[in-house]
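One-letter residues, chain by chain:
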Amino acid sequence: MSNGVISFAGIGSRSTPPHATKQIIAISSLLAKRNWVLRSGGADGADLAFEIAYDQFGGNKEIYLPSRGFNNSTSSLYNLTDEAFDLAEKYHPTWKILPPFARKLMARNGYQVLGPNLNDPVKLVVCWTQDGVEQGSQTTVGTGGTGQAIRIADDYKIPVFNLQKENRFQQLLSYISSEMWSIIDC
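A brief structural summary.

Rules used in this analysis
- Counting restarts for each chain: residues are numbered from 1 in the order of the written sequence.
- Per-residue local features of the predicted model are confined to residues with pLDDT of at least 70, and side-chain atom pairs are confined, for both listing and counting, to 80 or more; whole-chain, interface and lining totals are unaffected and use all residues.
- Side-chain metrics rest on all non-hydrogen atoms present in the structure, leaving aside hydrogens and water.
- Accessibility here uses a 1.4 Å probe with only protein chains present; expressed as a share of the type maximum, an area under 20% marks a residue as buried, one over 50% as exposed, and anything in between as partly exposed.
- By the criteria applied, helices consist of DSSP H or I runs no shorter than four residues and strands consist of E runs no shorter than two, each listed in order from the N terminus.
- Criterion used throughout: strands pair if DSSP finds at least two bridges between them.
- Should any heavy atoms of two residues lie within 4.5 Å, those residues are counted as being in contact.
- A 3.5 Å cut-off defines polar contacts: any pair of N or O atoms within that distance qualifies, except that in protein one atom must be a possible hydrogen donor and the other a possible acceptor, and neighbouring residues in sequence count only when both atoms are side-chain atoms.
- Within this scheme, the nonpolar core is defined by two criteria: the residues are buried Ala, Val, Leu, Ile, Met, Phe, Trp, Tyr or Cys, and they are joined through side-chain atoms within 4.5 Å.
- To estimate how far a helix should reach, multiply one less than its number of residues by 1.5 Å.
- Interaxial angles span 0 to 180 degrees and are taken between N-to-C directions of axes, which are lines fitted to C-alpha atoms, for helices over the stretch in contact.
- Each aromatic pair joins two rings of Phe, Tyr and Trp (for Trp, the six-membered one) with centres within 6.5 Å, and gets the label stacked for planes under 30 degrees apart, edge-to-face for over 60, and tilted for any other angle.

**Here's the deal with the pairing of strand β2 (residues 37-40)**
Thought 1: Side-chain alternation along β2 places V37 and R39 on one buried face and L38 and S40 on a second face that is also buried.
Thought 2: Where strand β1 (residues 7-12) and β2 come together, three bridges link them in parallel fashion. The residue bridging A9 from the neighbouring strand is R39, located in β2.
Thought 3: Summarising the sheet, β2 and strand β3 (residues 61-63) pair through three bridges and their orientation is parallel.

**A few points about the environment of S13**
Thought 1: With respect to the helices and strands, S13 occurs in the loop between β1 and α1 (18-33).
Thought 2: The spatial distance from the C-alpha of S13 to the C-alpha of A49 is 11 Å, given a sequence separation of 36 residues.
Thought 3: Setting aside chain neighbours within four positions, we find S13 in contact with D44, G45, A46, W128, T129 and T146.
Thought 4: Within the structure, S13 has its side chain in polar contact with the side chain of S15 (distance 2.9 Å).

**Looking at the nonpolar core**
Thought 1: In this structure, F8, V113, L124, V125, V126, L163 and L172 are the most contacted members of the largest nonpolar core, which totals 52 residues.
Thought 2: Excluding its chain neighbours within four sequence positions, the residues that come into contact with L124 are S7, F8, A9, W36, I158, P159, F161, L172, Y175 and I176.

**Observations regarding the side chain of R39**
Thought 1: Residue placement: R39 occurs in strand β2.
Thought 2: When its relative accessible area of 1% is taken as the criterion, R39 is described as buried.
Thought 3: A polar side-chain atom of R39 sits 2.7 Å from the main-chain carbonyl oxygen of D120.

**Examining α1**
Thought 1: Taking 1.5 Å per residue as the helical rise, α1 with its 16 residues ought to reach 22 Å, and the 23 Å between its terminal C-alpha atoms agrees with that figure.
Thought 2: The complete set of buried residues in α1 reads A20, Q23, I24, I27, S28, S29, L31 and A32.
Thought 3: Once α1 ends, the next one or two residues include N35, with phi positive near 65°.

**Concerning the sheet that holds β2**
Thought 1: On the basis of which strands lie adjacent, the open sheet formed by five strands has the order β3-β2-β1-β4-β5 and parallel pairing. Lying at the two open borders of the sheet, with one neighbouring strand each, are β3 and β5 (160-162). Neighbour-to-neighbour, the strand axes of the sheet open up by a mean angle of 20°, direction not taken into account.
Thought 2: Pairing between β1 and strand β4 (residues 124-128): five bridges, direction parallel.

**So, unusual backbone geometry**
Trans peptide bonds make up most of the peptide bonds, and negative phi angles are found at most residues other than glycine.
Thought 1: One non-glycine residue, N71, adopts positive backbone phi at about 55°.
Thought 2: A positive phi angle, close to 70°, is found at N167, a residue other than glycine.
Thought 3: Looking at the element boundaries, N167 is found in the loop between β5 and α6 (168-185).

**Things to note about the packing of aromatic side chains**
Thought 1: On inspection of all chains with the given rule, the structure shows six aromatic pairs.
Thought 2: Ring centres of F8 and F50 lie 5.9 Å apart, and the angle between their planes is 65°; this geometry places the pair in the edge-to-face category. Placement of the pair is F8 in strand β1 and F50 in helix α2 (residues 46-56), with a sequence separation of 42 residues. Of the two residues examined, F8 and F50, each falls in the buried class.
Thought 3: An aromatic cluster of three or more residues is present, and its members are F8, W36, F50 and Y54.

**Concerning the environment of Q135**
Thought 1: Tracing the chain through its elements places Q135 in the loop between β4 and α5 (146-155).
Thought 2: The spatial distance from the C-alpha of Q135 to the C-alpha of K61 is 25 Å, given a sequence separation of 74 residues.
Thought 3: With near-sequence residues (within four places) excluded, Q135 lies in contact with I150 and D154.

Structural data, given as structure tokens:
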């Protein structure tokens with residue numbers, strides 16, 4: 001958290017189901033109105049659901065792309081540094097066999113969790129993956145690219161709320177509420 005700004009990563013599978021999309025919209029409404037900054041990646045599914053909802057509720061967002069114009073996005077956050085690639089290599093279990101564009105996607109995931117200079121971690125990660133994974137050690141091929149962000153978040157001790165898990169939406173709302181009170185108490 002820099003300059004008093006609170007950010008979160010809103011990410012997940014391209015095949016996020018409608019019930020999870022409704023939860024994403026509700027979370028986006030709540031956090032946008034509380035001036036949290038969304039960090040996401042412009043991919044179909046969960047990423048776009050967060051982004052579109054944030055636009056609807058007037059929230060500030062940082063959309064990190066693997067390349068200019070990815071998925072027709074107009075975001076200017078597409079310049080990937082050597083540090084982002086080094087970070088991606090550190091956290092990806094099969095880095096050496098990834099094709100070049102997949103490496104760009106993984107490098108972009110570092111910014112979603114750690115910000116534009118890779119030194120400003122988000123307060124939490126909200127995602128939806130088919131397998132419901134929340135810990136880096138549990139990610140598999142089935143977790144998809146979101147697994148990269150989960151591995152980074154886990155290593156940085158950032159809470160991950162995977163909406164695929166039962167009751168996680170309610171737990172997330174409680175967590176956000178307690179975080180808001182801790183900020184007020186300061």
